[in-house]
There are 2 protein chains.
Amino acid sequence: MNRTKEAFKAFVGVKRTNEYLESNVKKDVSRYGLNITEFAVLELLYNKGDQPIQHIKNRILIASSSTTYVVDKLVDKGYVDRRPDTNDRRISYAFLTEKGRELMVEIFPPHAELIKELFEELTDEELAAFRKTLKKISVKRAQTN
Amino acid sequence: MNRTKEAFKAFVGVKRTNEYLESNVKKDVSRYGLNITEFAVLELLYNKGDQPIQHIKNRILIASSSTTYVVDKLVDKGYVDRRPDTNDRRISYAFLTEKGRELMVEIFPPHAELIKELFEELTDEELAAFRKTLKKISVKRAQTN
DNA sequence: TAAAATTATCTCGAAACTGAAATAATTTGG
DNA sequence: CCAAATTATTTCAGTTTCGAGATAATTTTA
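Cut-offs applied
- Numbering of residues begins from 1 in every chain and follows the order in which that chain's sequence is written.
- Ligands are numbered from 1 and chains lettered from A, in the order in which they are written.
- With the structure being a predicted model, the display of local features is reserved for residues of pLDDT at least 70 and the display and counting of side-chain atom pairs for 80 or more, all residues being used for whole-chain, interface and lining totals.
- The side-chain numbers reported here are obtained from all heavy atoms of the structure, hydrogens and water having been left aside.
- The criterion for strand pairing is that DSSP finds at least two bridges linking the strands in question.
- For the purposes of this entry, the term helix denotes a DSSP run of H or I that reaches at least four residues, the term strand denotes a run of E that reaches at least two, and both are numbered from the N terminus.
- Residue proximity to a molecule or strand is established when one non-hydrogen atom of the residue lies within 4 Å of it.
- Whenever a nitrogen or oxygen atom comes within 3.5 Å of another N or O atom, the pair is scored as a polar contact, on the condition that within protein one atom can donate a hydrogen and the other can accept it, and that pairs from neighbouring residues in sequence are kept only if both atoms are in side chains.
- The nonpolar class holds Ala, Val, Leu, Ile, Met, Phe, Trp, Tyr, Cys and Pro. Asp, Glu, Lys and Arg form the charged class, and all remaining residues, Gly among them, are polar.
- Only heavy atoms enter the contact rule, under which two residues are in contact if any of them lie within 4.5 Å.
- Think of each axis as a best-fit line through the C-alpha atoms, taken over the contacting stretch in the case of a helix, with angles from 0 to 180 degrees between the N-to-C directions.
- These descriptions rest on fixed angle ranges, namely under 35 degrees for roughly parallel, over 145 for roughly antiparallel, 65 to 115 for roughly perpendicular, and the rest for oblique.
- A helix is expected to reach a length of 1.5 Å times the quantity of its residues less one.
- The buried label applies to any residue whose accessible area, calculated with a 1.4 Å probe on protein chains only, is under 20% of its type's maximum; exposed applies above 50%, and partly exposed to all values in between.
- As used here, the arc belongs to the directions running from the helix axis to the C-beta atoms.
- A quick way to say it: buried area is the sum, across both parts, of accessible area lost when two parts are put together, with a 1.4 Å probe.
- Basic side-chain nitrogens of Lys or Arg form a salt bridge, by our definition, when they fall within 4 Å of a carboxyl oxygen of Asp or Glu.

A.B. asks: Describe in detail the sheet that holds strand β1 (residues 51–52) of chain A, supporting the description with residues and values.
C.D. replies: Residues and elements named next belong to chain A. The strand order across the open sheet formed by three strands is β1-β3-β2, and the pairing between neighbours is antiparallel. Among the strands making up the open sheet, the edge pair consists of β1 and β2 (80–84). Strand direction decides the pairing type here: β1 and strand β3 (residues 92–96), joined by two bridges, are antiparallel. Of the residues in β3, the one forming a bridge with Gln51 is Ala94.

A.B. asks: Break down the protein's contact with DNA strand D for me, citing the residues and quoting the values.
C.D. replies: Taken together, 22 residues lie near DNA strand D, and Thr37(A), Ser65(A), Ser66(A), Lys73(A) and Gln54(B) sit nearest. Here DNA strand D approaches the protein such that, of its atoms within 4 Å, sugar and phosphate make up 67%. For DNA strand D, a phosphate oxygen lies 2.9 Å from a polar atom in the side chain of Tyr69(A). Here a phosphate oxygen of DNA strand D sits 3.3 Å away from a polar atom, N or O, in the main chain of Ile53(B). Contributing elements (two or more residues each) for the surface near DNA strand D: α4 (64–76) of chain A together with α3 (53–60) and α4 (64–76) of chain B. In terms of residues, the surface near DNA strand D owes the most to one element, α4(A), which gives four residues. For the surface near DNA strand D, the class distribution of residues is five nonpolar, 10 polar and seven charged.

A.B. asks: Tell me about the sheet that holds strand β1 (residues 51–52) of chain B, residues and numbers included.
C.D. replies: Residue and element names in this part refer to chain B. In spatial order, the strands read β1-β3-β2; together these three strands make up an open sheet with antiparallel pairing. The sheet is open, and its two edges are formed by β1 and β2 (80–84), each paired on a single side. Sitting on the sheet, helix α2 (residues 36–48) is in contact with β1, β2 and β3 (92–96), with an inclination near 85° to β3.

A.B. asks: Account for the packing of helix α1 (residues 3–30) of chain A against helix α5 (residues 98–118) of chain B, naming residues and giving values.
C.D. replies: The geometry of α1(A) relative to α5(B) is characterised by a closest axis approach of 8 Å and an angle of 75° between their N-to-C directions. Relative to α5(B), the element α1(A) is oriented roughly perpendicular. Contact residues: α1(A) offers Arg3(A), Thr4(A), Ala7(A), Phe8(A) and Phe11(A), while α5(B) offers Phe108(B), His111(B), Ala112(B), Ile115(B) and Lys116(B). Per-class residue counts for the contact of α1(A) with α5(B) are six nonpolar, two polar and two charged.

A.B. asks: Tell me what's going on with α4(B), and back it up with residues and numbers.
C.D. replies: Residue and element names in this part refer to chain B. In this model α4 runs 18 Å from its N-terminal to its C-terminal C-alpha over 13 residues, within 8% of the 18 Å that 1.5 Å per residue would give. Within the span of α4, buried status applies to Thr67, Val70, Val71 and Leu74. Along α4, the residues classed as buried sweep out an arc of 95° about the axis, all on the same side. The exposed set on the far side of α4, more than 90 degrees from its buried face, consists of Ser65, Tyr69 and Asp76. In this structure, the buried residues of α4 make contact with α2, α3 and β2.

A.B. asks: Go over the interface of chain A and chain B with me, naming the residues and quoting the values.
C.D. replies: Contacts between the two partners involve 52 residues from chain A, matched on the other side by 52 residues from chain B. Note on chain A versus chain B: buried area summed over both sides is about 5700 Å², and carbon and sulfur give 64% of it. Seen at the junction of chain A and chain B, the total is six salt bridges. At the surface where chain A touches chain B, the tally comes to 14 residue pairs in polar contact (both at pLDDT 80 or more). Mapped onto the side of chain A that touches chain B, the elements with two or more residues apiece are α1, α2 (36–48), α3 (53–60), α5 (98–118) and α6 (124–137) of chain A. Looking at the side of chain A that touches chain B element by element, the count peaks at 20 residues for α1(A). Considered class by class, the residues forming the side of chain A that touches chain B number 23 nonpolar, 11 polar and 18 charged.

A.B. asks: Would you mind going over the protein's contact with DNA strand C in detail, with residue names and values included?
C.D. replies: Taken together, 22 residues form the shell around DNA strand C, and within it Gln54(A), Asn35(B), Ser65(B), Ser66(B) and Lys73(B) come nearest. Protein-proximal atoms of DNA strand C, defined as those within 4 Å of the protein, fall in sugar or phosphate at a share of 69%. Side-chain polar atom of Tyr69(B) to a phosphate oxygen of DNA strand C: 3.1 Å apart, as the coordinates give it. A distance of 2.4 Å separates a phosphate oxygen of DNA strand C from a polar atom in the side chain of Lys73(B). Contributions of two or more residues to the surface near DNA strand C are made by α3 and α4 of chain A together with α4 of chain B.

All we've got here are geometric facts, nothing functional implied.
Okay, structure coming up:
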């Protein structure tokens with residue numbers, strides 16, 4: 001088969017795999033009244049600490065206006081709050097409230113377990129090679145907004 | 001590193017790679033006033049012939065209500081039309097109009113070329129292994145709606 | 001050091017997508 | 001053979017996401 005067709009199939013494959021993974025994660029997090037984007041933000045704050053809004057946008061790959069929207073949602077739900085940066089007044093940090101932290105302590109471990117299971121068909125070598133290839137494709141990342 | 005963390009990174013990697021690929025495709029098709037979903041439908045009809053709405057939904061992985069929405073959009077733009085099935089009156093086929101076909105004749109080849117370039121960092125072997133791994137992950141596919 | 005450029009966040013209106021339920025047609029099985 | 005179940009599509013209201021532009025703060029540069 002020629003290279004163009006192979007590439008096309010790989011493109012579709014990535015889309016399908018992403019869809020497959022996300023539909024599983026979605027099912028998981030919806031039990032807590034969260035959607036994938038909301039969970040991604042909570043997960044980032046939980047594992048990497050307080051983050052400027054800008055940083056959240058870059059990490060979870062959504063438009064800046066969407067970032068404002070998701071953080072607002074999480075603030076409404078009482079899981080997140082905002083705190084202005086003391087040096088640079090343009091910057092606003094998002095951080096987990098006590099309620100948000102308690103939620104993540106409860107739901108993150110089984111979530112990580114689920115993700116592990118989604119990849120269980122792969123050998124260690126396969127998983128490592130897969131990650132390497134993914135990186136190779138998307139190194140010089142595109143920037144949105 | 002432990003398996004759970006590896007899996008988690010692979011999960012994020014798939015998401016990023018998908019985002020990277022889609023942002024490139026988006027840039028390409030937006031020049032013709034199309035979004036990715038619309039293009040995916042046109043591409044399906046162009047390469048696989050007329051399709052029942054149901055089939056479109058399964059192929060491009062969106063909710064049935066979204067399928068109606070996208071096809072409506074393409075009908076409005078004059079690229080697609082609907083035709084009822086003569087045997088089973090529940091079924092409606094979507095097909096390319098002459099205008100739609102002309103558009104695809106023009107834009108599909110450079111589009112395929114773009115996709116090929118997005119994977120050009122990979123050797124033939126790497127690309128083949130990558131496709132195999134993608135399939136392995138998402139074999140028993142989840143069904144939406 | 002003041003004007004210009006850049007950076008961070010938010011507002012707003014519109015587009016895209018979804019789930020639940022409605023409608024209509026077909027198939028199944030008791 | 002008909003009631004119940006299934007299948008295909010659409011409608012509708014609501015949610016999520018976006019792009020363009022506004023606002024405000026900081027940095028650059030001439």
